[in-house]
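Examination of the molecular architecture
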Amino acid sequence: MVFNFKVFKKCSPNGKITVYLGKRDFVDHVSGVEPIDGVVLLDSEYLNGRKVYGQVVCSFRYGREEDEVMGLNFQKDLFFANEQIYPATKKDENLTKLQERLIKKLGSNAFPFTFQLPTTAPGSITLQPGAEDAGQPCGVNYYVKIFTGESDTDRSHKRSTVALGIRKIQYAPSKMGRQPCTVVRKDFMLSPGELELEVTLDKQLYHHDEKIAVNICIRNHSNKLVKKIKAMVQQGVDISVFQNGQFRSTVAEMETAEGCPVQPGSSLSKVIYLKPTLSSNKDRRGIALDGQLKHESTNLASTTLLPSQDTDAFGIVVSYTVKVKLYLGALSGELAAELPFVLMHPKPTGKSVCRADSTADVETFHQESVDCPETIPE
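1. With respect to the overall build of the protein chain
- Each helix and strand counted, the protein chain has 1 helix and 21 strands in total.
- A burial count over the protein chain gives 47% of its 378 residues as buried.
- Across the protein chain, contacts joining residues at least 24 apart in sequence account for 69% of those joining residues at least 6 apart.

2. Some points on the pattern of salt bridges
- Summed over the entire model, instances satisfying the criterion amount to 16 salt bridges.
- Ionic pairing is found between E338 and R248, a salt bridge with its closest N-O pair at 3.1 Å. Here the residue E338 occupies a position in strand β20 (residues 334-344), and R248 occupies one in strand β16 (residues 246-256), the gap between them amounting to 90 residues.
- On the accessibility criterion, R248 (46% relative accessible area) is partly exposed.
- Within the structure, one salt-bridge network assembled from shared partners comprises R185, E194, E196, E198 and R219.

3. Re the pairing of strand β9 (residues 139-148)
- Among the 10 residues in β9, 8 count as buried, and that is most of the element.
- When strand β5 (residues 52-61) meets β9, the two strands line up antiparallel, connected through 10 bridges. In the sheet register, C58 faces β9, and the bridge partner there is Y142.
- The pairing of strand β8 (residues 125-127) with β9 spans 2 bridges and is antiparallel. For T126, the partnering residue across the bridge sits in β9 and is G139.
- Pairing geometry for β9 and strand β10 (residues 161-169), over 6 bridges, is antiparallel.

4. Considering the side chain of N281
- Mapped onto the secondary structure, N281 falls in the loop between β17 (267-274) and β18 (288-290).
- N281 sits in the buried class, given a relative accessible area of 1%.
- From its side chain, N281 meets the backbone oxygen of V251 in a polar contact 3.0 Å long.
- In this view, N281 contacts Q128, T250 and V251; residues no more than four positions away in its chain are not counted.

5. Some words on the sheet that holds strand β15 (residues 228-239)
- Ordered in space as β13-β20-β19-β15-β16, the 5 strands form an open sheet in which the pairing is mixed. Two strands in the sheet have a free side with no partner beyond their single neighbour: β13 (205-207) and β16. Across the sheet, the mean angle separating the axes of adjacent strands is 35° when strand polarity is ignored.
- Here β15 pairs with strand β19 (residues 316-327) via 12 bridges, running antiparallel. In the strand pairing of β19, Q234 is matched with T321.

6. Side note on unusual backbone geometry
- Y86 connects to P87 through a cis peptide bond whose omega is -15°.
- Mapped onto the secondary structure, P87 falls in the loop between β6 (75-86) and α1 (97-106).
- Within the chain, V30 stands out as a residue other than glycine whose phi angle is a positive 70°.
- Looking at where V30 falls in the secondary structure, it is placed in the loop between β3 (25-27) and β4 (36-42).
- A relative accessible area of 26% means that V30 is categorised as partly exposed.
- Unlike most non-glycine residues, D209 shows phi in positive territory, near 70°.
- Inspection of the secondary structure assignment puts D209 in the loop between β13 and β14 (212-220).

7. As for the sheet that holds strand β11 (residues 181-188)
- Spatial strand order, β11-β12-β14-β17: 4 strands in an open sheet with antiparallel pairing. Because the sheet does not close on itself, it has two edges, and the strands there are β11 and β17. Neighbour-to-neighbour, the strand axes of this sheet turn through a mean angle of 15°, independent of strand direction.

8. Section: the state of the cysteines
- In total, this model carries 0 disulfides according to the counting rule given.
- In this structure C181 is not part of a disulfide, and its nearest cysteine sulfur, from C217, lies 9.9 Å away.

9. Re a nonpolar patch on the surface
- Residues V69, M70 and L72 make up a contiguous nonpolar surface patch of about 360 Å² in total accessible area.
- Its place among the elements puts V69 in the loop between β5 and β6.

10. With respect to α1
- All of the buried residues in α1 are L98, Q99, R101 and L102. Summarising the axial view, the buried residues of α1 lie within an arc of 170°, below the 170-degree limit, and thus occupy one face.
- Note on α1: the residue one or two positions beyond its end, G107, has a positive phi of about 100°.

Conventions used here
- Residues numbered from 1 in each chain as written.
- Predicted model: local features only at pLDDT ≥ 70, side-chain atom pairs only at ≥ 80, totals over all residues.
- Heavy atoms only, no water.
- Helix = DSSP H or I, 4+ residues; strand = E, 2+ residues; numbered from the N terminus.
- Buried < 20%, exposed > 50% of the residue type's maximum accessible area, 1.4 Å probe, protein only.
- Contact = heavy atoms within 4.5 Å.
- Salt bridge = Lys/Arg side-chain N within 4 Å of Asp/Glu carboxyl O.
- Pairing = 2+ DSSP bridges.
- Polar contact = N/O pair within 3.5 Å; in protein donor to acceptor, adjacent residues only side chain to side chain.
- Axes fitted to C-alpha atoms, helices over the stretch in contact; angles between N-to-C directions.
- Disulfide = S-S within 2.5 Å.
- Patch = residues over 30% accessible without salt bridge, like charges linked within 9 Å, V, L, I, M, F, W, Y side chains within 5 Å.
- Areas by Shrake-Rupley, 256 points an atom, 1.4 Å probe, with all protein chains shown as cover.
- Arc of directions from axis to C-beta.

Shown next, in the form of C-alpha cells:
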C-alpha cells in the first residue's frame, strides 16, 4: 500500500543545505512541549571538513524598528536549542517515523535532528502594528536555523544558512473550570441601602468566534437610578521586559439602556452577548494576535496558560476578562464587576494543518508502508 506524507522544505541560497520539517506548529501542553524533529540534507561538498549546526531561535521584539537610534536595540534573540548536526556528536537512536522515511528517501547525505523547547519558552504572539508603522511588528517569533561554521558561535553566512519559521502554540484544555460568577455591591454615603450587581458567564472556556453570554442581574436596594449598562471584553497584555508593561484593550463591547432606568427597590435581569473577533479590531495598534506564518490568516491571541509554579513568565502573556459597568449618573458614579475567562482554539480532532509560506515548499513523498506518519494536508 502506498501512502503520501508531506513535509516542509527550505533550501539555503547556495542550494547546499536543505531542511525538512514535518510540521510548523509545535504544541505546548504546559507540562511539556512537542519536540522539533526534522532532517537536514547536505550537499556532498559539505561532507568534507565542514561542520553543520542547528539552533532554535526565539526572536522577541519589544519595540519598533524605527525607534532604534543611537545604538538602541529593541530585540532579544534567545537560543533555546543549540546542537552540532554534522558530524554528529551523538547517535540519535530514537528516530521518528518521519525521520526514518526521509533518511531512507533522501539517502546517506541526510542527517536527523531533534530539538526540545523548555516549558518556560514564551508562546508565538504578535502585537498588531498601527497603520503608519513600518518594519517588523513587535512580538515573539521562532525559527529553526541551520548553518555551517567552525563553532556554534560563528557568525553564519547568509548563503549557507537556512532559517525556517515555526510556531509554539497552545490548545484549549479538555477540562473546563468552574463557571465564573461574581457579586459586587455599592453603598452610598448620604443615602440608605446598596446597589447589587451579579455577573455570571455560562462557562469558563470559550473558543474563538464563539459568542459569550454575559448574564447580568441588578438588585437596586438604594434610592439611586441605574441609567445605563455597558458590557465589554478586555484583552490584557503583559510584556515581561517592562516593569509597567501591562495594558488592556477593549476588543468587544455593547452599551444598552434597555430596561433602564432601574428604579429604587426594583431589579433587572438580562443577557448580553459579546463576540471578540479580529475583524472588529482591524488596524488597532497593540492588539495581541496569535503568531502567524507568512500569507496566513490569524486571529486574536489565545489566552496564555502557564505552569502553576511559574511566577515569572517571559515574553508576552495574554489574558481576557469580561467587565460590566452600571452608570448611575454624574454624582452617583458607577459600579463595575470583572470576570476572567479563557479564549483558545479547540484541540484538533484530526491531523495538524499548517500552510507553507513563500520561502518554504510543501513536498510530497511516496512511501510503501502499512504505517503512515503524521500527514499534513495542503
